[in-house]
Amino acid sequence: NDLDSKDNLYYVSSREQIEEIAQEMLERDGMTGRLYIPDVNYDVALFEVSASDGAANQRVTDKSDSAAFMKWGHQWLVADHYYQGFDKMKNAKPGTIAYINNGERIQAYICTEKAAGKNVSYTLLDNKGNDLYDRNAGGICMYTCNVVIYNGQDITYSLWQPIN
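Residues numbered from 1 in each chain as written. Predicted model: local features only at pLDDT ≥ 70, side-chain atom pairs only at ≥ 80, totals over all residues. Heavy atoms only, no water.

Undergrad: Teacher, can you tell me more about the pattern of salt bridges here?
TA: Between side chains of opposite charge, a pair can form as their charged atoms come close. A full pass over the atoms with the stated rule returns eight salt bridges. In this structure, Glu24 engages Arg28 in a salt bridge whose closest nitrogen and oxygen atoms are separated by 3.1 Å. Between Asp65 and Arg28 there is a salt bridge, with its nearest N and O atoms 2.9 Å apart. One end of the pair, Asp65, is in the loop between helix 3 (54-62) and strand 3 (67-72); the other, Arg28, is in the loop between helix 2 (15-27) and strand 1 (31-37), and 37 residues separate them in sequence. (Salt bridge = Lys/Arg side-chain N within 4 Å of Asp/Glu carboxyl O. Helix = DSSP H or I, 4+ residues; strand = E, 2+ residues; numbered from the N terminus.)

Undergrad: What is the right way to look at the layout of surface pockets in this model?
TA: One simple way to see leftover space: roll a probe sized like a water molecule over the atoms. Within this model, the second largest pocket holds a volume of roughly 180 Å³. The wall of the second largest pocket is formed by Thr32, Glu48, Phe69, Trp76, Ile100, Asn102, Arg105, Gln107 and Tyr109. Residues of the lining of the second largest pocket, tallied by class, amount to four nonpolar, three polar and two charged. (1 Å grid on protein atoms, 1.4 Å probe; cavity = no way out; pocket = protein on both sides within 12 Å on 5 of 7 lines; lining within 4 Å. Points joined across faces, edges and corners; volume = space filled by probe spheres on them. Nonpolar A, V, L, I, M, F, W, Y, C, P; charged D, E, K, R; others polar.)

Undergrad: Hey, could you run me through the pairing of strand 7 (residues 123-126) in this one?
TA: One face of the sheet, then the other: side chains in a regular strand alternate in exactly this way. Side-chain alternation along strand 7 places Thr123 and Leu125 on one buried face and Leu124 and Asp126 on a second face that is also buried. Relative to strand 7, strand 6 (residues 106-120) runs antiparallel, the two being bridged by four bridges. Within strand 7, the residue paired with Gly117 across the bridge is Asp126. Once strand 6 ends, the chain turns through two residues before running back antiparallel as strand 7, passing Ser121 with a positive phi of about 45 degrees. (Buried < 20%, exposed > 50% of the residue type's maximum accessible area, 1.4 Å probe, protein only. Pairing = 2+ DSSP bridges.)

Undergrad: What's the story with the nonpolar core in this structure? I'm lost.
TA: It is characteristic of soluble globular proteins that their nonpolar side chains tend to be buried jointly. With 26 residues, the main nonpolar core has Leu77, Leu124, Cys141, Tyr143 and Tyr157 as its most contacted residues. When sequence neighbours within four positions are dropped, the list of residues in contact with Tyr157 reads Met89, Glu113, Lys114, Ala115, Ala116, Gly117, Asp126, Leu132, Arg135, Cys141, Met142 and Tyr143. Counting residues in hydrophobic clusters, the runner-up holds 19 residues, among them Tyr42, Phe69, Tyr109 and Cys111. (Core = buried A, V, L, I, M, F, W, Y, C linked by side-chain atoms within 4.5 Å. Contact = heavy atoms within 4.5 Å.)

Undergrad: Explanation requested: the confidence of the model for the chain in the structure shown.
TA: Considering every residue of the chain, the mean pLDDT works out to 87; 89% of them sit at 70 or more. Below a pLDDT of 50 lies the segment residues 1-6, which in the model reaches 15 contacts outside its immediate sequence neighbourhood of four places, other chains included. (pLDDT = per-residue confidence, 0-100.)

Undergrad: What am I meant to see in the side chain of Thr156 here?
TA: Of note, Thr156 is situated in strand 9 (residues 153-162). Taking the relative accessible area as the measure of exposure, Thr156 reaches 10% and is therefore buried. Once residues lying within four places of it in the same chain are set aside, the contact partners of Thr156 are Met89, Lys90, Lys114, Ala115, Met142, Tyr143, Thr144 and Asn146.

Undergrad: I'm lost on the environment of Glu104 in this one. Help?
TA: Mapped onto the elements, Glu104 comes out in the loop between strand 5 (97-101) and strand 6. Considered as a pair, Glu104 and Gly33 are 71 residues apart in the sequence and their alpha carbons are 9.2 Å apart.

Shown next as structure tokens:
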């Protein structure tokens, strides 16, 4: 979807859009909502998976228009491949607004932090080596790999807190 061609607030908050996503969720097994970041022109379906099921996470992120969405401690984690468009998340900055439409309502989130980090040993670290697990209670941590490498992946992560 090209978010630049629409009135972004209307697009993400209209009753028609909520109903459209609810219908899409019925048609796509396992879909739990849709993430929009209008300021960076990003739009992807979310599929809830278990954080401990690496194979399921990989299957979801490998599909186009499909990001893994999982409970990770006291926050949610969104993961997708940079080459499927999630590199646009790297253009978010503190103050950027994202929306998740779950087919019933839309929740807005504000970006509070964005930085480089590492994906190592089944956890994510910030650029100082601090674990991101549970650092953003009540919010969302989004991340994507910067390039495809196989031993300790350089990532970009962003932390988001709900508005309201």
